[in-house]
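Structural description and commentary
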Amino acid sequence: MAIMLRSHQLKQEEVPPTVRCIVRCGAGVNNIPVPKMTELGIPVFNTPGANANAVKELVICGLLLASRGILEGNKYTEEMDYDKVAKRIEKDKAKFVGCEIEGKTLGVVGLGAIGGRVVNAALALGMKVVGYDPVLSLDAAWKLPGDRMGRAESLEELLKVSDYVTVHVPYIKNATHHMINGANLKLCKPNVSFLNFSRGEIIDGEALLDMYKSGRMTGKYVSDFADPFLSGHPKHLVIPHLGASTEEAEDNSAAMAADTVKDFLETGTIRNSVNFPQTVLPPKPGHVGGRLCIVNKNEAGVLGQITTFLGTQKVNIEQQINTSRGDIAYTVLDLSKIDDPAGLQDGLAKACPGVISSRFIGNMFDDEMGKPGTFFYVKWASS
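The notes below deal with the structure included here. Nothing here was measured: the structure is a model prediction, and the numbers come from that model.

**Some remarks on empty space enclosed by the protein**
In the structure shown here, the tally under the stated rule is one cavity of 30 Å³ or more. There is about 80 Å³ of room inside the largest cavity. Forming the walls of the largest cavity are R20, G41, P43, F264, C293, V295, Y330, S357, S358 and R359. Mapped onto the lining of the largest cavity, the elements with two or more residues apiece are β11 (290-297) and β14 (355-361). In terms of residue class, the lining of the largest cavity is built from five nonpolar, three polar and two charged.

Next up, the structure:
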């Protein structure tokens, strides 16, 4: 069994022992108690990149909103009747003079699936682009137009040269919380504008308000998150959380989530998990037997206990992979034919205290891979 959700706030009591994984149709997992799920041995997946194009288009919209007085002009005309608008629409345009984005420098913080698309879109609009990402993956790096953009060695370096700054990083409490703050805001150009379609806590709203009050900053802050300090401030242009709110993005996220769950349930493969290590064990040609997936504590000696126990049961391991992330380890074993899967799992759990859960994949008695399987063991539900 798997749980697939989008915006529902999942509670621990809603997760029965039969749940093998949870997947969020989107990038953020703030609505899932991830630490508790990790403790219970349940991988949590997300769908990074499925909404990348939708967010990219909203960023381009945000650039224009920050530059041209569009929302302010619209609000101004909404307060007039037709005759007043017709009379003043030409005269009052001077109230909303903006600037063009062509030739300006866009600083992109975070160069993953979304940030990479923003880079290319901004270049196509004639902007200069500087990127910063301290944890840039090799796969993401290959997709960047490295010869046409600059790369900053630090966030501070990017802030100093940017006319616009857009952030595309996940919210991590002790890492990206207030990544843009009072100290580094002082390094920015006075007219810099910020775009935040990631998470509200990444930018320190109180520090930004202080900059506005002192007159040291005049640019806009466009976001789809409310801020308690900037609420109602004319420089803060707030819209609903629209980043992934397109039919296409929702379809893409749901399809990607379904594929991720299917792959995990049928083969034990882990990709795009926020709490488990990436793990891929390709099927062995000609393998006749069962695949056992074990979630265990990442402690010294546990893997040895598992293999030793299987040896005492005369079970041959034909191939295996063991990976870890934090306190969790994940082991996938292709075993010889098993006569009593449930009994083997019970014995394994008793012999290896570090085992949190285990499950066999496929039909153990017909040697069929590619099905979720019926034999599973969950220690926290058995105690």
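**What to know about the packing of helix α2 (residues 52-68) against helix α5 (residues 113-124)**
As a packed pair, α2 and α5 sit with axes 9 Å apart at the nearest point and diverge in direction by 45°. Judged by the angle between their axes, α2 and α5 are oblique. Here α2 runs over α5; the crossing is right-handed. In this structure, α2 contributes A52, N53, V55, K56, V59 and I60 to the contact, and α5 contributes A113, I114, R117, V118 and A121.

**Thoughts on the pairing of strand β13 (residues 328-335)**
Counting buried positions over the eight residues of β13 gives eight, a clear majority of the element. The alternating pattern of β13 places I328, Y330, V332 and D334 on one face and A329, T331, L333 and L335 on the opposite face, and all of these are buried. Bridge count for β11 against β13 is eight bridges, and the pairing is antiparallel. In the strand pairing of β13, V295 is matched with Y330. The pairing of strand β12 (residues 317-325) with β13 spans eight bridges and is classified as antiparallel. Among the inter-strand pairings, I317 is bridged to a residue of β13, identified as L335.

**Section: the layout of surface pockets**
One number sums up the size of the second largest pocket: a volume of about 320 Å³. Along the walls of the second largest pocket sit 19 residues, with A66, S67, C99, T218 and K220 positioned nearest its centre.

**What about the packing of aromatic side chains?**
Each aromatic ring pair is summarised here by two numbers: the centre-to-centre distance and the angle between the ring planes. Throughout the structure, instances matching the rule amount to three aromatic pairs. Centre to centre, the rings of F276 and Y330 are 6.2 Å apart; their planes meet at 70°, and the pair counts as edge-to-face. With F276 in the loop between α10 (247-267) and β11 and Y330 in strand β13, this pair connects stretches of sequence that are 54 residues apart. Classification of Y330 as buried rests on a relative accessible area of 2%. When the ring centre of F264 is taken as origin, the NZ or CZ atom of R359, which lies over that ring, is 4.4 Å away.

**A word on the nonpolar core**
Formed by 28 residues in total, the largest nonpolar core has its most connected members in L106 and F197. Looking at this core, the elements that each hand over two or more residues are α2, β4 (105-109) and α5. The element best represented in this core is α2, accounting for eight residues. Not counting residues within four places of it along the chain, the set of residues in contact with F197 comprises V55, L58, V59, G62, V167, V222, S223, D224, F225 and I239. Ranked by size, the runner-up nonpolar core spans 26 residues in total, among them V109, L155, V169 and M217.

**So, the sheet that holds β4**
The seven strands are arranged β6-β5-β4-β7-β8-β9-β10 in an open sheet whose pairing can be described as parallel. With partners counted over all chains shown, the strands left at the sheet margins are β6 (150-151) and β10 (236-238), one partner each. Where α2 meets the sheet, its contacts fall on β4, β7 (164-167), β8 (193-196), β9 (221-223) and β10, and the angle it forms with β8 comes to roughly 150°.

**Observations concerning the pattern of salt bridges**
Within this structure, the stated rule accounts for nine salt bridges. When the shortest N-O distance is used, the salt bridge between R88 and D92 registers 2.8 Å. Using a relative accessible area of 34% as the deciding quantity, one classes R88 as partly exposed. For D92, a relative accessible area of 5% puts it in the buried group.

**Regarding the side chain of R20**
Summarising the element assignment, R20 is placed in the loop between β1 (2-5) and β2 (21-24). One buried charged residue, R20, forms no salt bridge at all, with the nearest opposite charge on D346 at 13 Å. At 3.0 Å, the side chain of R20 forms a polar contact with the backbone oxygen of P17. Contacts of R20, omitting those with residues within four sequence positions, involve M1, I42, P43, F264, L265, S357, R359, F376 and V378.

**Quick word on the sheet that holds β2**
Pairing within the open sheet is parallel, and its three strands lie in the order β1-β2-β3. Looking at the sheet topology across the chains shown, the edges are occupied by β1 and β3 (44-45). Across two bridges, the pairing between β2 and β3 is parallel. Considered in β3, the bridge of I22 is made with V44. Sheet strands touched by α10: β1, β2 and β3. Its angle to β1, the strand with the most contacts, is close to 170°.

**Some thoughts on the pairing of β1**
Alternating residues of β1 divide into I3 and L5, all buried, and A2 and M4, none buried. Of the strand pairs in this sheet, β1 and β2 are connected by four bridges, and their pairing is parallel. Residue pairing in the sheet places M4 in a bridge with V23 of β2.

What counts and how
Residues numbered from 1 in each chain as written. Predicted model: local features only at pLDDT ≥ 70, side-chain atom pairs only at ≥ 80, totals over all residues. Heavy atoms only, no water. 1 Å grid on protein atoms, 1.4 Å probe; cavity = no way out; pocket = protein on both sides within 12 Å on 5 of 7 lines; lining within 4 Å. Points joined across faces, edges and corners; volume = space filled by probe spheres on them. Helix = DSSP H or I, 4+ residues; strand = E, 2+ residues; numbered from the N terminus. Nonpolar A, V, L, I, M, F, W, Y, C, P; charged D, E, K, R; others polar. Axes fitted to C-alpha atoms, helices over the stretch in contact; angles between N-to-C directions. Parallel < 35°, antiparallel > 145°, perpendicular 65-115°, else oblique. Left-handed = near helix turned anticlockwise from the far one by under 90°. Contact = heavy atoms within 4.5 Å. Buried < 20%, exposed > 50% of the residue type's maximum accessible area, 1.4 Å probe, protein only. Pairing = 2+ DSSP bridges. Phe/Tyr/Trp six-rings, centres within 6.5 Å; stacked < 30°, edge-to-face > 60°. Lys NZ or Arg CZ within 6 Å of the ring centre and 35° of its normal. Core = buried A, V, L, I, M, F, W, Y, C linked by side-chain atoms within 4.5 Å. Salt bridge = Lys/Arg side-chain N within 4 Å of Asp/Glu carboxyl O. Lys, Arg positive; Asp, Glu negative; His and termini not counted. Polar contact = N/O pair within 3.5 Å; in protein donor to acceptor, adjacent residues only side chain to side chain.

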